[in-house]
Every structure is written in C-alpha cells, then in structure tokens.
Amino acid sequence: MRRIAKYLKPYVGMIILAMVLLFGQANAELALPDYMSQIVNVGIQQGGVESAVPEAMRVSTLEATLLFTGPTDAERLRTAYRIVDPNDPAAASLQERYPALANEAIAVLNELTPEQVATLEPALARGLLLAVGLTGAGGESA
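Remember, predicted model here, so these are calculated numbers, not experimental data.

Draft legend 1. Representation of the overall build of the protein in the model. Of regular secondary structure, the protein possesses six helices and three strands. Counting helices and strands in the order they occur from the N terminus, the protein gives α-α-β-α-α-β-α-β-α. Across its three principal directions, the C-alpha atoms of the protein cover 70 × 35 × 30 Å. When burial is assessed residue by residue, the protein has 25% of its 142 residues classed as buried. By sequence separation, contacts in the protein at least 24 residues apart represent 71% of the contacts at least 6 residues apart.

Written out as structure tokens, the structure reads:
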C-alpha cells in the first residue's frame, strides 16, 4: 500500500477533485426528479406562477436579493415592500396568511399597479434566483 501511495501522492489534488465532482453529479441526478415534480405540481396542476414578484418573503430573503440587484432596482424593491414585525399591530391580521410571521419579520408587498409590478419582475426574478440558489433552502419565501 505504501508503494502505491508513493506514486499517487502527486495526484492527490486531482483525486479529491474527481471525488467532489462525482458527489456533485450524484446530488444533481438525485435532485432532478424532485425538480420535475415541482414543475408538474406548480406549472401544470396549479396553473403556473402568475408573477415573479412574491406577495411576501422573509426579510433575510429580501436582504439577500438586494445584494444581487443594482442600486436603482434595490431602491425600487425597498419601496415596494414593507417590513412587518411579529410585534406589529398589523401582524395579527397577516399571521394567518403568512405563518412565518409568528417567528420572524417578513417583507409584505405594498399595493402596486400592474405596471409597477412589471418593472419589479426582471430585477427581482434575477436577484431571487441568485439569492435562493446560493443560500439553498434557507432562502425560501414566506
């Protein structure tokens, strides 16, 4: 075994890289059926997603999204959403619709015209994609 290790020593980095890539490939292949079921459930059975602009999201998700938007889009998003704290008087009426509000503050979409929502969609869709993709399940919207 020591004789083989002596010859493999210069290739340790490549061996570890190959193992990491194989692990990533296996995870991607195992996640594919779940993604397909979500596409079918949301896209076909529920009629799809009407807008890329969520009605509410966790404040942490909004903050992560703001990291991936430009200054103009970030300002637009800050004015489009209001932060509702669990201790807020308005929280009692929203808590049934948004259960996450019981434990943490959430950002709720203000009343906007369809034109205002249309201007938010491109920036928010790109920012949310990057934020949720990089943070994983921790970036779920409320």
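Moving on from the coordinates now.
Draft legend 2. Spatial organisation of the nonpolar core. Among the nonpolar cores identified, the biggest contains 14 residues, and Val-53, Met-57, Leu-62, Leu-77, Tyr-81 and Leu-124 are the most heavily contacted of them. Broken down by secondary-structure element, the contributors of at least two residues to this core are helix H3 (59-67), helix H4 (71-80), strand S3 (106-109) and helix H6 (114-135). With four residues, the top contributor of residues to this core is H6. Counting residues in each nonpolar core, the second largest holds nine residues, with Ala-56, Val-84, Ala-100 and Leu-101 among its members.

Draft legend 3. Geometry of the pairing of S3. Side chains Ile-106 and Val-108 project from S3 onto one buried face, and the interleaved Ala-107 and Leu-109 project onto a second face that is buried too. The pairing of strand S1 (residues 56-58) with S3 spans three bridges and is classified as antiparallel. Bridge pairing in S3 places Ala-56 opposite Val-108. In terms of strand pairing, strand S2 (residues 81-84) meets S3 through four bridges, oriented antiparallel. Of the residues in S3, the one forming a bridge with Arg-82 is Val-108.

Draft legend 4. Seen up close, helix H2 (residues 12-45). For H2, built from 34 residues, the straight-helix expectation of 50 Å at 1.5 Å per residue is met to within 8% by its first-to-last C-alpha distance of 49 Å. Gly-47 sits one or two residues past H2 and shows a positive phi near 85°.

Draft legend 5. Seen up close, the environment of Glu-111. Looking at the secondary structure, you find Glu-111 in the loop between S3 and H6. Take Glu-111: its relative accessible area is 81%, and that puts it in the exposed class. Along the backbone, Glu-111 and Tyr-81 are 30 residues apart, and their C-alpha atoms lie at a distance of 9.1 Å.

Rules behind the numbers
- Residues numbered from 1 in each chain as written.
- Predicted model: local features only at pLDDT ≥ 70, side-chain atom pairs only at ≥ 80, totals over all residues.
- Heavy atoms only, no water.
- Helix = DSSP H or I, 4+ residues; strand = E, 2+ residues; numbered from the N terminus.
- Buried < 20%, exposed > 50% of the residue type's maximum accessible area, 1.4 Å probe, protein only.
- Contact = heavy atoms within 4.5 Å.
- Core = buried A, V, L, I, M, F, W, Y, C linked by side-chain atoms within 4.5 Å.
- Pairing = 2+ DSSP bridges.
- Expected span 1.5 Å × (residues − 1).

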